[in-house]
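Chain and residue survey
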Amino acid sequence: MARTMLTTTLLLLALSATPAVPSAPATKPAAPAEKKIEFDKHYLVLLKRAPNAAKMEPEALQKLQGEHLAHLTRMGESGKMVLAGPFDEQDDVAMRGACIYRTATKQEARQLAEQDPMVKAGRLQVEVLAWYTEKGYLAFPKAPPAEAPKPTQK
């Protein structure tokens, strides 16, 4: 009996002194979750010279240009348009400039852009494109905050 007890004690001491061997994982570690990419939607309005634009006297054209710039200023102050500017060094000289509108729909961006006196006078045409950018990468610090979308009633 003393011998069995001694053998058991020695076995227990030997087992406790043996470093633990890690066991194989029961399942594979979970794959890292894929990053969900979120987007902001804007409307890019391209202003193109109308192919049949009538010639204008310099004074009338200058007045119309002032009205065009006033329209862009109003759109910017309203928060509906967040950026606008003319093009230079472009291959297609019909491309005159671009605006980025922050509106609820493409139709609203088109409607606002078509209120431009240059468009109404037939000097410019608009092309409207939905443009998505990764959320947080594009900011307009000078533009008023966007209006929150109004809930739709059913």
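As a reminder, the structure under discussion sits directly above these lines.
Heads up: these notes are all about the structure in this document.

Cut-offs applied
Residues numbered from 1 in each chain as written. Predicted model: local features only at pLDDT ≥ 70, side-chain atom pairs only at ≥ 80, totals over all residues. Heavy atoms only, no water. Phe/Tyr/Trp six-rings, centres within 6.5 Å; stacked < 30°, edge-to-face > 60°. Helix = DSSP H or I, 4+ residues; strand = E, 2+ residues; numbered from the N terminus. Buried < 20%, exposed > 50% of the residue type's maximum accessible area, 1.4 Å probe, protein only. Salt bridge = Lys/Arg side-chain N within 4 Å of Asp/Glu carboxyl O. Pairing = 2+ DSSP bridges.

Quick look at the packing of aromatic side chains now. One pair of aromatic rings is described through two measures. These are the centre distance and the angle between the planes. This model, assessed by the stated rule, comprises 1 aromatic pair. Between F39 and Y132 the ring centres are 6.4 Å apart and the planes differ by 85°, which places this aromatic pair in the edge-to-face class. Taken together, the residues F39 in strand β1 (residues 39–49) and Y132 in strand β4 (residues 124–134) connect sequence positions 93 residues apart. A relative accessible area of 47% places Y132 in the partly exposed class.

The final tally for this structure, using the stated rule, is 6 salt bridges. As a salt-bridge pair, K80 and E108 come within 2.8 Å of each other at their nearest N and O atoms. In this pair, K80 is assigned in the loop between α2 (58–78) and β2 (81–86) and E108 in helix α3 (residues 106–113), connecting sequence segments 28 residues apart. E114 is the salt-bridge partner of R110, the closest N and O atoms lying 3.7 Å from each other. What makes R110 partly exposed here is its relative accessible area of 30%. For E114, a relative accessible area of 36% corresponds to the partly exposed category.

Take unusual backbone geometry next. Even without being glycine, E89 reaches a positive phi, approximately 60°. Within the secondary structure, E89 sits in the loop between β2 and β3 (95–101).

For β3, the buried fraction is high: 6 of the 7 residues fall into the buried class. For β1 and β3, the ladder comprises 6 bridges, and the chain directions are antiparallel. When the bridges of β3 are listed, L44 appears paired with I100. Two elements, β2 and β3, share 5 bridges in a ladder whose sense is antiparallel. The partner of A84 across the bridge, within β3, is C99.

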